[in-house]
Amino acid sequence: MIGVKDYLLIQYKRIFKLLPGMICMIALVAILLSAALFGVLNSEKYKSEQIRYKLGLVGGTENEMVDLGVHMLETEDDMQYVLDLVQFEDEDEARAALRNADISAYIVITKEFTDAVDSMTNDAKLKYYATSGQKGISNVMMDEIALVATNIIVPSEKGICTLRDVMAEEGYKKTETYMAVYEIFMAYVNTMLLRGEISTVTELGISDGLNTIEYYFISMLLFFALLLTMCSVSFFTGKNNGQYKFLAAKGIIPVQQVMGEFIPLLTVNLISIVVVLVIANAAVKLVAIDIEISAMLVAGIMLSTVMFTSMGYFLYETLVGVINKVLVTFLFYIAGAYASGYFYPKSILPNLLQRAGELIPTGAAFSYVGGVVADRNFGWPVIAMAVYTVGFIAISVLIRKRRISW
């Protein structure tokens, strides 16, 4: 007499016999999704987020105040995080670099400007050159740099020299004058360096608090976990209602039949996703991608795989015929992934579709894993995933009971 353990063992043997073909399909899916992720990371949109602007400098910086301003921009000011200063010997070299898009703009430090600094006047301005088509934040930023150099260096030097002359006329000691000059100089420096503190900058990310690489890394992993069950379609072929009735007559009730098939399928899917995560972790370290594959992230992907496997089992149990199983399941997966923002940020979708996409299984999985990475509250997605998993298995048991009763 066939027992539950015997049936479970038979299903393990069946699915492991199919493993070579499944591995080939899994490898193909992994290659395609890796190529998609590579395309995202090498897209112009992603590269534009990583850019550091390059500003050319033409002319001498021997003047002490000019040299000080350049030094602070490179080492102390907030601009050091987005700006590289490139020194050029002459303007022709800088103009060629601008035409070749090697720099964003260039500034000419003229002799008239340095003379104006020395004479403590504000008559001469820096010459700032950019391409005629340059627009947006980069142009605003370059204008700010030019204005800082023109409007801070000259007045600050004038203030320092005026203070020194007044204190000398009033008969202050040199040590007192030195300390006063030092204090006003540091006040000028702090004024320039603290420009960035007049506002608070909060990086919200591409969506749900995730940056581009985190967003698409998670979406590709989840989409891979979603497609895993499709690689096991042959596991569901060759079965009919007569076999189910025979098993029921031998004492293996519908819930035991379903779990005896679901557990081996889940085992293979979990093994596959673990292998993929190991490879992904190695790839992240190899190419120095700024994302941490933490234990919580791994747990999130694993829990998502459990839910996706139950959903795939439910679909294959419901649908009849190999063509129907593959075609309908694939279209269902694509629709769910699209609505949940796997391919594009959810912000581009209508509000109603965004809300619906968050509530369906693919959206619950993304909310949970995304919440783990972005350090958000992810309580409700865990509950939703558990409900979906139990619900899919329960409905599959009911469908199996109905087939046996036919």
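Residues numbered from 1 in each chain as written. Predicted model: local features only at pLDDT ≥ 70, side-chain atom pairs only at ≥ 80, totals over all residues. Heavy atoms only, no water.

Undergrad: Describe the overall build of the protein, and please don't skip the residues or the numbers.
TA: Counting secondary structure elements, the protein contains 16 helices and four strands. Counting across all 406 residues of the protein, residues that qualify as buried make up 43%. Sequence-distant contacts, at least 24 apart, represent 75% of the contacts inside the protein between residues at least 6 apart. (Helix = DSSP H or I, 4+ residues; strand = E, 2+ residues; numbered from the N terminus. Buried < 20%, exposed > 50% of the residue type's maximum accessible area, 1.4 Å probe, protein only. Contact = heavy atoms within 4.5 Å.)

Undergrad: Lay out the pattern of salt bridges with the relevant residues and their values.
TA: This model, assessed by the stated rule, comprises six salt bridges. Between Glu91 and Arg95 there is a salt bridge; the shortest N-O distance is 3.1 Å. On the criterion of helical spacing, the pair formed by Glu91 and Arg95 is a turn pair, its members being four residues apart in helix 5 (residues 91-99). You can call Arg95 partly exposed: its relative accessible area is 28%. (Salt bridge = Lys/Arg side-chain N within 4 Å of Asp/Glu carboxyl O.)

Undergrad: Describe the side chain of Glu261, with residues and values.
TA: As for its position among the elements, Glu261 is in helix 11 (residues 254-286). Side chain to side chain, Glu261 and Arg400 meet in a polar contact 2.9 Å long. Leave out the neighbours within four places in its chain, and Glu261 touches Tyr7, Gln11, Phe235, Lys239, Tyr244, Tyr313 and Arg400. (Polar contact = N/O pair within 3.5 Å; in protein donor to acceptor, adjacent residues only side chain to side chain.)

Undergrad: Explain the environment of Ala335 residue by residue, including any values.
TA: Turning to its location among the elements, Ala335 is positioned in helix 13 (residues 322-339). Residue classification places Ala335 among the partly exposed residues on the basis of a relative accessible area of 46%. Between the C-alpha atoms of Ala335 and Thr362, which are 27 residues apart in sequence, the distance is 9.7 Å.

Undergrad: Account for the environment of Val255, naming residues and giving values.
TA: You can see Val255 is positioned in helix 11. Given a relative accessible area of 38%, Val255 falls into the partly exposed group. The spatial distance from the C-alpha of Val255 to the C-alpha of Ala394 is 8.3 Å, given a sequence separation of 139 residues.

Undergrad: Any chance you could break down the packing of aromatic side chains for me, citing the residues and the numbers?
TA: In this structure the tally under the stated criterion is 12 aromatic pairs. An angle of 65 degrees between the planes, with centres 5.6 Å apart, marks the rings of Phe236 and Tyr313 as edge-to-face. With Phe236 in the loop between helix 9 (212-227) and helix 10 (241-249) and Tyr313 in helix 12 (residues 295-318), the pair connects residues that are 77 residues apart, well separated along the chain. Since its relative accessible area comes to 7%, Phe236 is described here as buried. Considering the side-chain rings of Phe332 and Tyr333, the 6.5 Å spacing of their centres and the 55 degrees angle between planes classify their relative orientation as tilted. For Phe332, a relative accessible area of 44% translates into the label partly exposed. (Phe/Tyr/Trp six-rings, centres within 6.5 Å; stacked < 30°, edge-to-face > 60°.)

Undergrad: Tell me about the side chain of Ser219, and please be specific about residues and values.
TA: For Ser219, the location among the structural elements is in helix 9. Under the relative-accessibility criterion, Ser219 is labelled buried at 1%. In this structure the side chain of Ser219 is engaged in a polar contact, spanning 3.2 Å, whose partner is the backbone oxygen of Tyr342. Beyond its immediate chain neighbours, meaning those up to four positions away, Ser219 contacts Tyr342 and Phe366.

Undergrad: Describe helix 16 (residues 379-405), with residues and values.
TA: The end-to-end C-alpha separation of helix 16 is 40 Å, in line with the 39 Å expected for 27 residues at 1.5 Å each. Buried within helix 16 we find Pro381, Ala384, Met385, Thr389, Phe392, Ile393, Ser396, Val397, Ile399, Arg400, Arg403 and Ile404. Tucked into the core, helix 16 has its buried residues touching helix 10, helix 11, helix 12 and helix 15 (361-374). (Expected span 1.5 Å × (residues − 1).)

Undergrad: Provide a residue-level description of a nonpolar patch on the surface, including the pertinent values.
TA: Taken together, the side chains of Ile323, Leu327, Val328, Phe330 and Leu331 present a nonpolar region at the surface, about 480 Å² in accessible area. Assignment of secondary structure puts Ile323 in helix 13. (Patch = residues over 30% accessible without salt bridge, like charges linked within 9 Å, V, L, I, M, F, W, Y side chains within 5 Å. Areas by Shrake-Rupley, 256 points an atom, 1.4 Å probe, with all protein chains shown as cover.)

Undergrad: Could you give an account of the packing of helix 12 against helix 15, with specific residues and numbers?
TA: Contact geometry of helix 12 with helix 15 gives a least axis separation of 9 Å together with a crossing angle of 175 degrees. Compared by their axis directions, helix 12 and helix 15 come out roughly antiparallel. Residues Met296, Leu297, Gly300, Ile301, Leu303, Ser304, Met307, Phe308 and Met311 of helix 12 form the contact with helix 15, whose own contacting residues are Pro361, Thr362, Ala365, Tyr368, Val369, Val372 and Val373. Looking at the contact of helix 12 with helix 15, its residues break down into 13 nonpolar, three polar and no charged. (Axes fitted to C-alpha atoms, helices over the stretch in contact; angles between N-to-C directions. Parallel < 35°, antiparallel > 145°, perpendicular 65-115°, else oblique. Nonpolar A, V, L, I, M, F, W, Y, C, P; charged D, E, K, R; others polar.)

Undergrad: Break down the confidence of the model for the protein for me, with residues and values.
TA: Summarising the model, the protein shows a mean pLDDT of 76, and 70% of its residues fall at 70 or more. In this model residues 46-50 is a low-confidence stretch, pLDDT under 50, and it forms seven contacts with partners more than four residues away in sequence or in other chains. Considering only residues more than four positions removed or in separate chains, one finds that residues 132-138, a stretch of pLDDT under 50, has five contacts. (pLDDT = per-residue confidence, 0-100.)

Undergrad: Describe the nonpolar core, and please don't skip the residues or the numbers.
TA: Core analysis: the biggest nonpolar cluster contains 57 residues, and Phe217, Leu222, Ile301, Phe308 and Tyr342 have the highest contact counts within it. Counting only elements with at least two residues in this core, the list comes to helix 2 (19-41), helix 9, helix 11, helix 12, helix 13, helix 15 and helix 16. At 11 residues, the largest contribution of residues to this core is made by helix 9. When neighbours within four sequence positions are excluded, Phe308 is seen to be in contact with Leu222, Ala225, Leu226, Thr229, Tyr333, Tyr342, Pro361, Thr362 and Ala365. By size, the runner-up hydrophobic cluster in this structure holds eight residues, among which are Phe88, Ala97, Leu98 and Ile103. (Core = buried A, V, L, I, M, F, W, Y, C linked by side-chain atoms within 4.5 Å.)

Undergrad: I'd like to hear about helix 9, residue by residue, with values.
TA: For helix 9, spanning 16 residues, the distance from its first C-alpha to its last is 22 Å, which sits close to the expected 22 Å at 1.5 Å a residue. Among the 16 residues in helix 9, 16 count as buried, and that is most of the element.

Undergrad: Requested: an account of the packing of helix 9 against helix 15, with residues and values cited.
TA: At a minimum axis separation of 10 Å, helix 9 and helix 15 run at an interaxial angle of 140 degrees. Considering the angle they form, helix 9 stands oblique to helix 15. Seen along the crossing, helix 9 lies across helix 15 with a hand that is right-handed. Every residue of helix 15 that contacts helix 9 at Glu214, Tyr215, Ile218, Ser219, Leu222 and Leu226 is listed here: Thr362, Ala365, Phe366, Val369, Gly370 and Val373. For the contact of helix 9 with helix 15, a count of residues per class yields eight nonpolar, three polar and one charged. (Left-handed = near helix turned anticlockwise from the far one by under 90°.)

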